[in-house]
Amino acid sequence: MDELKKQCENKGRVLPSWYKWVIIGLCFIMVMVCLGFCSSPYSWYTNTVLKHLDLESKADLYDLNKSIRFITTAVVNLFFGYLVTKFGTKKLILAGIISLIISQVCYGTANNLALIYVAGLFFGLGLAWTTTTIVGYVVNQWDKKNKGTIMGAVLASNGIGAVIATFTVKPIINDPAPFNYRTAYYTVAIILAVLFVLILLFYKDKKREDGLPAEKPGKKKARGQSWTGIEFNEVIRKPYFYVSLVCIFFTGMALQSITGIATPHLELSGLSTSRVDVTIVIHSSTLVIFKFLTGFMYDKIGLRKTTSICTITGVIVFVLLALVDNSVIGFIFALIYSIFSSLALPLETIMLPIYANDLFGEKPYSKTLGLIVSVNTAGYAVGAYLAGLCRKLSGGFYTPVLFIASAMLAVVFILLQFVITSANKEKKRVAEQEKLSVEEAVIQDGDKVETVAN
């Protein structure tokens, strides 16, 4: 560390190029803890909390907590561009971790819905500044060329964290002792405190000069790549911008409404606790693989093919989850869902920063990223509430909402083809304008040289 400080002082506090891997490593750990230990296990608490707080008849009111969490994240992300410019990424991340600690303590001490709602508000605030939005922004700052692969690797740590949590946190939640789930919340709060110290000590905000990689001539360009883009005031005049927001809203609504109720749905379908645990471990493990693979696919085969693969997979696995019951075939369907749902989930994580960059470019990136994540999270809020309402209206089961979510993703798949085609036309138009601008500049420079010569 002394040597690093000396290097920074000698270079006017400019960080060396290799420090980007420290930043990416910290982002990896942050996602592993914040998503893997806080967000992914959320549904594990549901049945236990409803039982011990005598709220089983009020499942829809309890699920309002989820909606509050998502609405908070959505509102905060609307101002992401302004906040990150004013405060920088480090302060936002630290504030996010503190908010998550408060949320876990509130969940752990709650004896009524009011405090659970307060916990949901801080939960949403914390996730807004520690997960997809901030990670997408940071990765795009430090490495634009391989952002899909790096983003996939970083966000894949969610699965690693969830696997670890399955063997550490979930047994505490499942302990039959009254209110033992509170210990699980407090344990996660302690882990978050350790993360706070790591970020405080080692995380650095990116300066323009930090870690600039050397260009490698002759290297083959990836299919997924950055482009200049258009100004935000132009973006909001494009019809495909609004269609893309509709797609992102319904994607979030479909995916979150399902992943948020998958574990309780499997339990209600009659699967034993051991079989449910198997599906959780498989799902979390494959999430690591598929999140990385999705980012890698984007870099290699582009946006259209990647989103098509993810969306169609989601359509199929949601139907299979709806058909799960306490039989051999039902368990096989559960296993297939647990594996391949991990290929659909990147649509609500990795792909959001990629949508912002690929569809609209670098110029409006911070604004479009915040707006896209906000709209996606608004979809979470609606989906979470509808899932709870579906359970109440259907006599304690989630099956109808699974078919609805599958149909939503089928519509999204169709609409995305229009969005991507329109964005590609816009890219081509901007590229042609830039080419003409360069040619005009060359001609003007040539005229100046000729005038001087004469």
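Residues numbered from 1 in each chain as written. Predicted model: local features only at pLDDT ≥ 70, side-chain atom pairs only at ≥ 80, totals over all residues. Heavy atoms only, no water.

Looking only at helices and strands, the protein chain features 19 helices and zero strands. Looking at the protein chain residue by residue over its 454 residues, the buried ones come to 54%. (Helix = DSSP H or I, 4+ residues; strand = E, 2+ residues; numbered from the N terminus. Buried < 20%, exposed > 50% of the residue type's maximum accessible area, 1.4 Å probe, protein only.)

At a minimum axis distance of 11 Å, the contact between helix α2 (residues 19-39) and helix α10 (residues 181-202) shows a crossing angle of 165°. With respect to their mutual orientation, α2 and α10 come out roughly antiparallel. Helix-helix and strand crossings are classified by hand; for α2 and α10 the assignment is left-handed. Contacts from Y19, V22, L26, I29, M30, V33, C34, F37 and C38 in α2 reach V188, I191, L192, L195, L198, I199 and F202 in α10. (Axes fitted to C-alpha atoms, helices over the stretch in contact; angles between N-to-C directions. Parallel < 35°, antiparallel > 145°, perpendicular 65-115°, else oblique. Left-handed = near helix turned anticlockwise from the far one by under 90°. Contact = heavy atoms within 4.5 Å.)

Let us look at the nonpolar core. Counting residues in hydrophobic clusters, the biggest one holds 127 residues, and the most contacted among them are Y45, V135, L192, F318 and Y355. When residues of this core are assigned to their parent elements, the largest contribution, twelve residues, is made by α2. Non-local contacts of Y45, meaning those with residues more than four positions away in its chain, are made with V169, I173, Y181, A184, Y185 and V188. (Core = buried A, V, L, I, M, F, W, Y, C linked by side-chain atoms within 4.5 Å.)

One pass over the full model with this rule turns up 14 aromatic pairs. Centre to centre, the rings of F292 and F296 are 6.5 Å apart; their planes meet at 15°, and the pair counts as stacked. Pair noted here: F292 and F296 are both in helix α14 (residues 273-301), with a separation of four residues, about one helical turn. We classify F296 as partly exposed; its relative accessible area is 36%. The structure contains a cluster of three or more aromatic residues connected by ring pairs, namely Y42, Y45, Y107, F123, Y181 and Y185. (Phe/Tyr/Trp six-rings, centres within 6.5 Å; stacked < 30°, edge-to-face > 60°.)

Moving on, we come to empty space enclosed by the protein. With a probe scaled to a water molecule rolled over the atoms, the places where space remains empty come into view. For the coordinates displayed, the defined rule picks out three cavities of 30 Å³ or more. Of the pockets and cavities examined, the largest cavity occupies roughly 710 Å³. If you trace the largest cavity, you find 40 residues lining it, with S39, S40, Q256, T259 and E348 closest to the centre. Sort the elements by how many residues they give to the lining of the largest cavity and α14 lands first, with six residues. Of the residues belonging to the lining of the largest cavity, the class tally is 16 nonpolar, 20 polar and four charged. (1 Å grid on protein atoms, 1.4 Å probe; cavity = no way out; pocket = protein on both sides within 12 Å on 5 of 7 lines; lining within 4 Å. Points joined across faces, edges and corners; volume = space filled by probe spheres on them. Nonpolar A, V, L, I, M, F, W, Y, C, P; charged D, E, K, R; others polar.)

Where α2 meets helix α9 (residues 147-174), the axes come as close as 7 Å, and the angle between the chain directions of the two elements is 40°. The angle between the axes of α2 and α9 places the two elements in the oblique class. Here α2 and α9 pass one another in a crossing that is right-handed.

Further remarks concern the environment of S103. Examined against the element boundaries, S103 turns out to sit in helix α6 (residues 80-109). The class of S103 is buried, set by a relative accessible area of 0%. Put simply, S103 and F122 are 19 residues apart on the chain and 5.2 Å apart in space, counted from C-alpha to C-alpha. Beyond its immediate stretch of four places on either side in the chain, S103 contacts A119, F122 and F123.

In this fold, I116 is placed in helix α7 (residues 113-128). Residues I116 and Y62, 54 residues apart in the sequence, show an inter-C-alpha distance of 8.1 Å.

Attention now moves to the side chain of T73. Among the structural elements, T73 can be located in helix α5 (residues 64-78). Residues in contact with T73, not counting those within four places in the same chain, are G124, L125, A128 and T377.

On to the pattern of salt bridges, then. Following the criterion strictly, the structure yields seven salt bridges and no others. Note that R429 and E234 form a salt bridge whose closest N and O atoms lie 3.9 Å from each other. Taken as a pair, R429 in helix α19 (residues 399-453) and E234 in helix α11 (residues 232-235) lie far apart in primary sequence, 195 residues in all. Taking the relative accessible area as the measure of exposure, E234 reaches 27% and is therefore partly exposed. (Salt bridge = Lys/Arg side-chain N within 4 Å of Asp/Glu carboxyl O.)

Time to look at a nonpolar patch on the surface. A contiguous nonpolar patch, built from I71, V75, L78, F79 and Y82 and spanning about 520 Å² of accessible area, is present on the exposed surface. A per-element tally of the nonpolar patch places α5 first, with three residues. For V75, the location among the structural elements is in helix α5. With a relative accessible area of 43%, V75 lands in the partly exposed category. (Patch = residues over 30% accessible without salt bridge, like charges linked within 9 Å, V, L, I, M, F, W, Y side chains within 5 Å. Areas by Shrake-Rupley, 256 points an atom, 1.4 Å probe, with all protein chains shown as cover.)

With that out of the way, let us pick up the confidence of the model for the protein chain. Interpretation of the predicted coordinates at a detailed level should be avoided for regions scoring low in pLDDT. Averaged over all residues, the pLDDT of the protein chain equals 85, while 89% of them reach at least 70. Note on residues 8-12: pLDDT under 50 across the span, and three contacts to partners over four residues away in sequence or across chains. Across residues 212-219, confidence stays below pLDDT 50; counting only partners more than four residues off in sequence or on other chains, it has two contacts. (pLDDT = per-residue confidence, 0-100.)

Bringing the layout of surface pockets into the picture now. Within this model, the second largest pocket holds a volume of roughly 310 Å³. Along the walls of the second largest pocket sit 18 residues, with N47, T48, I173, N174 and E267 positioned nearest its centre. Elements with a minimum of two residues in the lining of the second largest pocket: α3 (42-52), α9, α13 (262-268) and α14. Here the lining of the second largest pocket is built from residues that sort into six nonpolar, eight polar and four charged.

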